[in-house]
Amino acid sequence: MTFPPSAIGPSSAPARAPRRLDRAARPLALALALALFVSVLLPVLAPASARADGVAAPAAPAVPAAPAAQGPSEQPVELVLATAGLNWEDISEATPHLLCLAERSGTAAMSVGSMTPLTPTRRQGMETLTSGYLGLASQSHRTSRSPQPAEDLVSALPNAPEVVSLDSLPARGADEDPVAPDSERGRALAALDEEVGKQLDAVGGCDSASMGRVLLVSVAPYDPEDSEAVEEGRSPAPGPDRLQVVMDSGFASGSLTSGSTHQDGVVLLTDVVPTILASHGESTPEGLPGQVFEGTPARADGSGADGSGAGATDAVVRDTAGIRLATDRSAANVLVDGATWWALGSWLVLPALGLLVLLVPRLAARRRLSAAARAAAVCLPLGPAAGLLAGAVPWWRAEHPALALTAVVWGFALVLSAIALLGPWRRVRYGPAGAAGALLALAVLAESATGSQLQLGSPLGAQAIRGGRFYGISNHLSGMVLAGTMIALLAVCARLARPRTRVLAVIAIGIVVMGVSAAPTMGADFGGVLVLVPALGLLALMLSGIRVRWWHLLAVGGAAVVAVGGISVLDWLRPPAQRTHLGRFVDQVLSGELFDVVASKAQQNIDQVTTFWPLLGVLLLAAVLWLCSLVPTRAHMVRLAAFDARHPAARPVRIALGVGAWIGYATNDTGAMLLLAALVVSLPLIAAMLPDPVVGARGDTGESDGEAPPGTAAYHR
């Protein structure tokens with residue numbers, strides 16, 4: 001079928017806006033008021049004294065406003081108390097010595113996850129506590145630079161602090177919240193608290209302003225009899241995993257943070273050794289992965305956040321804000337996985353059905369059903385965007401956290417859906433899908449640009465229990481940014497008439513997206529730059545009308561490498577405590593480990609598909625879908641071919657999107673997550689843009705291109 005210029009050209013007069021999409025979206029508009037009501041009042045309705053896990057907790061905001069950062073104390077660490085299995089949920093008035101130390105110390109929830117063994121145990125944690133390298137040196141990868149055998153950096157100090165190994169706590173039962181005082185864990189907790197009190201008395205007493213600097217560290221969640229079997233997964237973990245407790249009395253109360261996490265109230269076990277070394281005036285050895293503790297001070301008047309005095313001597317600052325934040329961090333990480341299934345799963349049901357309708361021609365040919373399916377498919381990627389924003393609401397404090405998170409996700413998702421479906425862009429078929437892609441990319445970029453404050457309480461964040469990234473744009477979010485940006489650019493380019501303006505739009509939007517993604521203080525996304533620069537550069541070349549040659553591809557790839565290298569060097573020039581993984585990558589290059597790093601990332605990608613065969617099948621399906629979409633006529637994708645004829649920018653966008661996604665898969669250690677995230681976002685949005693198939697008199701699909709006659713309202717829809 002041929003198209004006259006008036007039907008193909010983007011400057012043709014638009015048809016009158018269809019009303020079916022408006023009718024399909026009206027229920028969402030009606031639900032918007034309820035969503036706003038629920039999402040706004042949920043923190044108020046949640047019991048102030050009810051923790052999501054049943055433990056009493058104060059009703060402070062999820063991330064309390066912190067004063068200016070307090071540097072590490074100059075007092076040397078005198079005593080290190082090491083235990084295992086101690087969680088912030090354990091510390092209360094029933095443990096007076098632990099509570100006293102926590103109120104006068106800098107506190108944080110601590111991630112102890114190890115990269116090589118499957119499960120962290122005490123024997124690993126104790127080695128990390130003195131060596132500074134994660135896990136056991138005998139099991140570490142060569143890129144960790146861990147000495148063989150492990151070196152005890154703490155005991156080698158001239159005035160080495162005393163490291164006291166306290167008893168471990170038995171694993172917490174799945175239904176043991178709160179812990180009963182007469183249970184095995186309850187009795188062990190009371191004994192641990194008593195021993196901590198004795199150790200504090202030996203260095204001056206918890207209420208004394210002259211008490212020596214004390215670090216209390218819970219090095220692992222488990223201390224099993226057969227550590228090796230648990231680490232390797234041959235025996236199940238004794239109980240649910242949780243973040244561990246760390247306290248440093250060298251800080252005058254408040255929360256701890258470090259350059260490893262860039263998050264208040266969260267640090268890593270590997271940060272302990274650099275902190276001890278710095279307190280004794282020693283520099284951190286090159287290659288040591290951790291960073292020195294930093295903190296936020298308590299209020300100047302020495303009162304708690306509730307305005308009441310702490311009850312200690314006038315010389316000792318006592319505050320509970322750090323305890324509350326650490327407890328919030330721990331609770332969110334414990335509950336988020338289970339609650340996510342209900343929150344995001346319930347939202348994705350209808351959009352998935354809508355996508356199925358759009359992909360079946362006989363169903364897509366039914367106009368009213370198709371209009372509702374398009375509205376539902378457009379809403380699919382807005383669920384993940386809402387999941388990221390859900391960290392702004394302390395859902396984990398509710399009596400029923402899964403229900404609370406579901407209400408928050410639905411509230412944010414309905415607001416975003418109303419914006420995508422009811423805005424002025426609804427007058428064209430591609431408008432709502434383009435708006436949804438833009439909203440998703442904007443949500444991720446805005447969250448990263450403002451300090452990644454929502455990720456640790458969000459289903460879309462990198463959870464602290466598993467380690468990894470604690471800030472910026474991780475791989476799955478990078479895939480969403482790529483797909484959302486490309487779909488938004490498709491809608492923008494479909495609206496613009498001249499190739500020159502399309503290229504300028506790609507460049508302008510691309511500069512903003514890449515700037516936020518690459519900035520070390522924002523996205524800090526090393527792999528994202530390697531993805532976005534080639535994808536956006538290739539798209540700009542194709543839209544300009546220039547015939548793309550091999551040297552163009554080399555130039556675009558070289559620009560990506562130069563951009564990554566330049567940003568990494570700038571980050572490396574900053575003080576070590578402020579560097580992100582971009583700057584630390586420069587250290588690895590300078591030490592001659594570039595090949596090892598590349599080989600390690602490639603091996604992790606290979607291991608993912610060889611150990612989990614369904615993932616390999618999904619990746620092959622994604623490759624087939626992308627390749628077929630590049631030749632829609634030969635692949636009998638008649639509606640996609642008609643859409644390409646109507647909008648010349650559609651095929652270049654799909655090419656650039658696929659190139660970027662596969663580059664991301666090849667250059668990142670969890671690149672499969674990037675590629676799959678891009679697929680999940682782009683597939684429903686592209687399907688929502690396709691024209692309706694034509695139905696003949698007998699119910700069969702009509703003309704070979706599957707498109708309505710040019711110039712009709714159905715064509716423009």
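In this numbering scheme, every chain counts its residues from 1 along its sequence in written order. Selection of residues for local features in this predicted model requires a pLDDT of at least 70, selection of side-chain atom pairs for listing and counting requires 80 or more, and totals for whole chains, interfaces and linings are taken over all residues. Excluding hydrogens and water, the side-chain values take into account all heavy atoms of the structure.

A.B. asks: A description of the nonpolar core should follow, citing residues and the corresponding values.
C.D. replies: Note that soluble globular proteins tend to have their nonpolar side chains buried in a common cluster. Ranked by internal contacts, the top residues of the largest apolar core, which has 95 residues, are Trp395, Leu482, Met486, Val506, Leu539 and Leu619. Should any heavy atoms of two residues lie within 4.5 Å, those residues are considered in contact. Once residues within four sequence positions are removed from consideration, Leu539 is found in contact with Met486, Leu489, Val506, Pro652, Val653 and Ala656. We define a nonpolar core as any set of buried Ala, Val, Leu, Ile, Met, Phe, Trp, Tyr and Cys residues linked to one another through side-chain atoms lying within 4.5 Å. For every residue, the accessible area (1.4 Å probe, protein chains only) is compared with the maximum for its type, and the residue is labelled buried under 20%, exposed over 50%, or partly exposed between those bounds. Judged by nonpolar contacts, the second largest core, of 28 residues, contains Ile91, Val203, Val214 and Ile323.

A.B. asks: Run through the sheet that holds strand S3 (residues 162-165), naming residues and quoting values.
C.D. replies: A pair of strands is labelled paired if DSSP reports no fewer than 2 bridges between them. Runs of E in the DSSP output that reach at least two residues are strands. Runs of H or I that reach at least four are helices, and both are numbered from the N terminus. Spatial ordering of the open sheet is given by S3-S1-S4-S5-S2-S7, a layout of six strands whose pairing is mixed. Lying at the two open borders of the sheet, with one neighbouring strand each, are S3 and strand S7 (266-268). The average undirected angle you get between the axes of adjacent strands in this sheet is 25°. Judged from the four bridges that link them, strand S1 (residues 77-83) and S3 form a sheet pairing that is parallel. Note on S3: the bridge partner recorded for Ala82 is Ser165. Fitted lines through C-alpha atoms serve as axes, helices being fitted only where they are in contact, and the angles separating the N-to-C directions of these axes extend from 0 to 180 degrees. Helix H4 (residues 122-131) rests against S1, S3 and strand S4 (213-218) of the sheet, and its axis sits at about 170° to S1. Lying on the sheet, helix H5 (residues 184-202) is in contact with S1, S3 and S4; it crosses S1 at an angle near 170°.

A.B. asks: Account for unusual backbone geometry, naming residues and giving values.
C.D. replies: Generally, phi is negative for residues other than glycine and the peptide bonds are trans, each holding for most cases. Even without being a glycine, Ser452 presents a positive backbone phi close to 55°. Inspection of the secondary structure puts Ser452 in the loop between helix H13 (431-449) and helix H14 (475-495). In this structure Ser452 comes out as buried when scored by relative accessible area, which is 1%. Its identity as a non-glycine residue notwithstanding, His636 has a phi of 60°, on the positive side. If you trace the backbone, His636 turns up in the loop between helix H20 (613-630) and helix H21 (638-646).

A.B. asks: Tell me what's going on with a nonpolar patch on the surface, and back it up with residues and numbers.
C.D. replies: In this scheme, patches are assembled from residues that exceed 30% relative accessible area and form no salt bridge. Like charges are connected within 9 Å, while nonpolar side chains (Val, Leu, Ile, Met, Phe, Trp, Tyr) are connected within 5 Å. The protein chains shown are the only cover counted for residues, whose accessible areas, like all others here, come from Shrake-Rupley with a 1.4 Å probe. Salt bridges are identified by distance alone: a Lys or Arg side-chain nitrogen within 4 Å of an Asp or Glu carboxyl oxygen. Together, Val349, Leu350, Leu353, Leu356, Leu359, Val360, Leu621, Leu625 and Leu683 give the surface a local cluster of nonpolar side chains, amounting to about 760 Å² of exposed area. When contributions to the nonpolar patch are tallied by element, the ones reaching two or more residues are helix H8 (321-359) and H20. Along the chain, Leu353 turns up in helix H8.

A.B. asks: Please give an account of H14 that cites residues and values.
C.D. replies: The α-helix advances 3.6 residues per turn, and as a result positions three or four apart in sequence lie on the same side. Each residue after the first adds 1.5 Å to the expected span of a helix. When the terminal C-alpha atoms of H14 are compared, their 31 Å separation across 21 residues agrees well with the 30 Å that a helix rising 1.5 Å per residue should span. Burial analysis of H14 places 18 of its 21 residues in the buried class, the great majority of the element.

A.B. asks: Explain the state of the cysteines to me, and be specific about the residues and the numbers.
C.D. replies: Two cysteine sulfurs form a disulfide in these notes if their separation is within 2.5 Å. Evaluation of the coordinates by the stated rule reveals one disulfide. Across a sulfur-sulfur distance of 2.0 Å, Cys100 and Cys206 are joined as a disulfide pair. Given an S-S torsion of about -110°, the disulfide between Cys100 and Cys206 has left-handed geometry. Highlighted residues: Cys100 in helix H3 (residues 96-103) and Cys206 in the loop between H5 and S4, separated in sequence by 106 residues. When sorted by exposure, Cys100 lands in the same class as Cys206, which is buried.

A.B. asks: Go over the side chain of Arg324 with me, naming the residues and quoting the values.
C.D. replies: On the secondary structure map, Arg324 appears in helix H8. The side chain of Arg324 is buried and forms no salt bridge, while Asp319, the nearest opposite charge, is found at 5.6 Å. Here a polar contact means two N or O atoms within 3.5 Å. Within protein one must be a hydrogen donor candidate and the other an acceptor candidate, and residues neighboring in sequence count only if both atoms are side-chain atoms. In this structure the side chain of Arg324 is engaged in a polar contact, spanning 2.6 Å, whose partner is the side chain of Thr320. This count recognises Lys and Arg as positive and Asp and Glu as negative, with His and chain-terminal groups excluded.

A.B. asks: Summarise the packing of helix H11 (residues 382-389) against H13; cite the residues concerned and give the values.
C.D. replies: As a packed pair, H11 and H13 sit with axes 9 Å apart at the nearest point and diverge in direction by 20°. Relative to H13, H11 is oriented roughly parallel. In terms of crossing hand, the pair formed by H11 and H13 is left-handed. Residues Leu382, Ala385 and Leu388 of H11 form the contact with H13, whose participating residues are Ala436, Leu439, Leu440, Ala443, Val444 and Glu447. For the contact of H11 with H13, a count of residues per class yields eight nonpolar, no polar and one charged. Working definition: roughly parallel below 35 degrees, roughly antiparallel above 145 degrees, roughly perpendicular at 65 to 115 degrees, and oblique for all remaining angles. Here a crossing is taken to be left-handed if its near helix is turned anticlockwise relative to the far helix by less than a right angle, and right-handed if that turn runs clockwise. Gly is placed with the polar residues, together with every amino acid not listed as nonpolar (Ala, Val, Leu, Ile, Met, Phe, Trp, Tyr, Cys and Pro) or charged (Asp, Glu, Lys and Arg).

A.B. asks: Can you tell me about the packing of helix H10 (residues 367-379) against helix H23 (residues 671-689), naming the residues and giving the values?
C.D. replies: At a minimum axis distance of 8 Å, the contact between H10 and H23 shows a crossing angle of 150°. With respect to their mutual orientation, H10 and H23 come out roughly antiparallel. Here H10 and H23 pass one another in a crossing that is left-handed. Every residue of H23 that contacts H10 at Arg374, Ala377 and Val378 is listed here: Pro684, Leu685 and Ala688. Split by residue class, the contact of H10 with H23 holds five nonpolar, no polar and one charged.

A.B. asks: Describe H21, and please don't skip the residues or the numbers.
C.D. replies: By the criterion of burial, H21 is predominantly enclosed, with seven of the nine residues buried. Arg639, Leu640, Ala641, Ala642, Phe643, Asp644 and Arg646 are the residues of H21 that are buried.

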